[in-house]
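Structural overview
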Amino acid sequence: MSISQNFFYSIILSVSLLVLSGCGDEKVAGTPKAPPPLNVETVTVQKKKYPVWVQATGMTKAVSDQEIRARVAGRLEKRFFEDGATVKKGDKLFLIEQSQYQSNLDAARSRKDKNEAELLLAIADVKRYEPLVKEGLAARATLEQYETKRDSLIAAVAADEAAVRNAELELSYTLITAPISGQVSARRVDVGNLVGYGESTLLTTIVQTDKIYAYFSPSEANVQRLYKFRSRKELPVFIEVRGQGEDIFKRKRLDGFLDFSNNIVDPLTSTVSMRATIDNEDHSVYPGTFVYVNIFITDQVPFIMVPPQAIFEDQLGKFVYTVDANDTAQRTDVKTTLSSRHYVAIRSGLKENDKVVISGLAKVKDGRLLSTKDMTETKGIEAVMKKYDLIPEEVQQ
């Protein structure tokens, strides 16, 4: 064998060894090590009679909004309040010049006094002539004249009394008082201006805000659920007001009750107008504020509920991840019904004692091995409801 042939066989042998070595490396790399179990939190679901609430967005409105107008004409003499102040019913607000109306009242009283004096004389004349006419000592025509004068003066005195009451009323209108307790707006007219000539001049407004209305329009479907499941005649309601600045994610809560539901569905929006009366004793919520309205429906219908963050949705529908007996994640398709930002009611797909994953959801995949920690006591639906005061008093007892 020549030297060139030996060299050729050596090259072939070296290449073969390299190929076999590479194949061995690929075989080792193709069997990766299994990932460790993923640490997640779970809640164990139960079918129970949870208090059910539905949420809508709404706008507040004053329970009473009064316009304060001049009911008589004259020059505005005094103002008794500061712009934006809180006033009580009966507090003085404005004074219109009274001289003309006081004079009218004095004149009416004088006319009444005059006619009453003449009436007394006419009555005396009638009494004096009646026996004379009976005895034939005086003409009946004279008596009838005195009787006519008496009756005319009785009518005149009655008219005078009405004129006095009207003059007193007009005089009382010069002192304008608050018809309700509430917060007064800025004055619309300054002292010294003429008001009430040809119009009832608007002077200011007062809104009553110790209680406040919340108007909202839930969907027709939600209204049907409300009337289907409601378990109380008077349904509790609370509103939540968004915070500002650093507290933007915090919501102030005020409680009340549902007191009005419209009798028609809006054909353009398929919603029903409703109203709640809300306690606002600290006057912290102004009319015209955007609010979240939460309406209690029932506590008598059993539901399976899960936290909202546990729900996923794709082209196949909604699903959650549950944990099987081997501590592996399982995709479980579900159908939902009532929901809020605190819970979602499951209509089908879950059964009692299923463990639902509520954390680490971005890394959970179907079949992934899990290391679970049950958080039902602190993060389950009942715990969430207690935390956010969603259990009405009657239910708590």
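About the thresholds
Residues numbered from 1 in each chain as written. Predicted model: local features only at pLDDT ≥ 70, side-chain atom pairs only at ≥ 80, totals over all residues. Heavy atoms only, no water. Helix = DSSP H or I, 4+ residues; strand = E, 2+ residues; numbered from the N terminus. Buried < 20%, exposed > 50% of the residue type's maximum accessible area, 1.4 Å probe, protein only. Salt bridge = Lys/Arg side-chain N within 4 Å of Asp/Glu carboxyl O. Phe/Tyr/Trp six-rings, centres within 6.5 Å; stacked < 30°, edge-to-face > 60°. Lys NZ or Arg CZ within 6 Å of the ring centre and 35° of its normal. Pairing = 2+ DSSP bridges. Expected span 1.5 Å × (residues − 1). Contact = heavy atoms within 4.5 Å. Polar contact = N/O pair within 3.5 Å; in protein donor to acceptor, adjacent residues only side chain to side chain. Core = buried A, V, L, I, M, F, W, Y, C linked by side-chain atoms within 4.5 Å. Axes fitted to C-alpha atoms, helices over the stretch in contact; angles between N-to-C directions. Parallel < 35°, antiparallel > 145°, perpendicular 65-115°, else oblique. Left-handed = near helix turned anticlockwise from the far one by under 90°. Nonpolar A, V, L, I, M, F, W, Y, C, P; charged D, E, K, R; others polar.

A tally of regular secondary structure across the protein chain gives 7 helices and 22 strands. Residues counted as buried form 37% of the 397 residues belonging to the protein chain.

Moving on: the pattern of salt bridges. When the charged atoms of two side chains lie near each other, side chains of opposite charge can form a pair. Counted under the stated rule, the structure contains 20 salt bridges. Here Asp-190 and Arg-187 are joined by a salt bridge, their closest N and O atoms 2.7 Å apart. We note a salt bridge from Arg-331 to Asp-333, for which the minimum N-O separation is 3.0 Å. Using a relative accessible area of 26% as the deciding quantity, one classes Arg-331 as partly exposed.

A separate point is the packing of aromatic side chains. Across all of its chains, the model carries 10 aromatic pairs by this definition. With a centroid separation of 5.5 Å and an interplanar angle of 20 degrees, the aromatic rings of Phe-312 and Phe-319 are classed as stacked. Ring centres of Phe-312 and Tyr-321 lie 5.7 Å apart, and the angle between their planes is 70 degrees; on these two criteria the pair is classed as edge-to-face. An aromatic cluster is built from Trp-53, Phe-238 and Phe-296, whose rings are joined through pairwise contacts. Above the ring of Phe-80, the side-chain terminus of Lys-92 is found at 4.8 Å from the ring centroid. Just above the ring of Tyr-213 sits the side chain of Arg-275; from NZ or CZ to the centre is 4.2 Å.

Moving on, we come to the sheet that holds strand 9 (residues 194–195). One key point about sheets: their strands pair by backbone hydrogen bonds, in either a parallel or an antiparallel sense. Taken together, 4 strands build an open sheet; the order of strands is 7-6-4-9 and the sheet is antiparallel. Here the strands that pair on one side only, and so sit at the sheet edges, are strand 7 (175–177) and strand 9. Sheet topology places strand 4 (residues 74–79) next to strand 9; 2 bridges connect them, and they run antiparallel. By the bridge assignment, Arg-75 is partnered in strand 9 with Leu-194.

Turning our eyes to something else, we now look at helix 3 (residues 140–173). Taking 1.5 Å per residue as the helical rise, helix 3 with its 34 residues ought to reach 50 Å, and the 50 Å between its terminal C-alpha atoms agrees with that figure. Residues of helix 3 that are buried: Leu-143, Leu-153, Val-157, Asp-160, Val-164, Ala-167, Leu-171 and Tyr-173. Looking at the buried side of helix 3, the elements it contacts are helix 2 (99–134) and strand 7.

Spatially, 4 strands are ordered 2-15-20-19 in an open sheet, and the strand pairing comes out antiparallel. Whereas interior strands pair on both sides, the edge strands pair on one side only; in this sheet they are strand 2 (47–48) and strand 19 (335–339). Where strand 19 and strand 20 (residues 344–348) come together, 3 bridges link them in antiparallel fashion. Each bridged residue has a counterpart across the sheet, and for Lys-335 the counterpart in strand 20 is Ser-348.

If you trace the backbone, Ser-340 turns up in the loop between strand 19 and strand 20. In this structure the side chain of Ser-340 is engaged in a polar contact, spanning 3.1 Å, whose partner is the backbone nitrogen of His-342.

Time to look at the pairing of strand 10 (residues 202–216). In terms of burial, strand 10 is a largely internal element, 11 of the 15 residues being buried. Here strand 3 (residues 52–69) pairs with strand 10 via 11 bridges, running antiparallel. Paired with Ala-62 across the strands is Ile-212, a residue of strand 10. Judged from the 2 bridges that link them, strand 8 (residues 182–184) and strand 10 form a sheet pairing that is antiparallel. Pairing of Val-184 across the sheet is with Ile-206, part of strand 10.

Attention shifts here to the nonpolar core. One finds Phe-216, Ile-278, Val-293, Ile-295, Met-305 and Met-385 to be the most contacted residues of the largest nonpolar core, which totals 36 residues. Broken down by element, the residue count for this core peaks at 5 residues, all from strand 14 (residues 290–298). Counting residues in hydrophobic clusters, the runner-up holds 25 residues, among them Val-72, Phe-81, Phe-94 and Ala-108.

On to the environment of Thr-148. With respect to the element layout, Thr-148 can be found in helix 3. Along the chain, Thr-148 and Ala-122 lie 26 residues apart, while their C-alpha atoms are 9.0 Å from each other.

In the contact formed by helix 2 and helix 3, the axes pass within 7 Å of each other and the chain directions differ by 160 degrees. Taken together, the axis directions place helix 2 and helix 3 in an arrangement best described as roughly antiparallel. Viewed along their axes, helix 2 and helix 3 form a crossing whose handedness is left-handed. Here the contact of helix 2 with helix 3 is built from residues that sort into 19 nonpolar, 4 polar and 15 charged.

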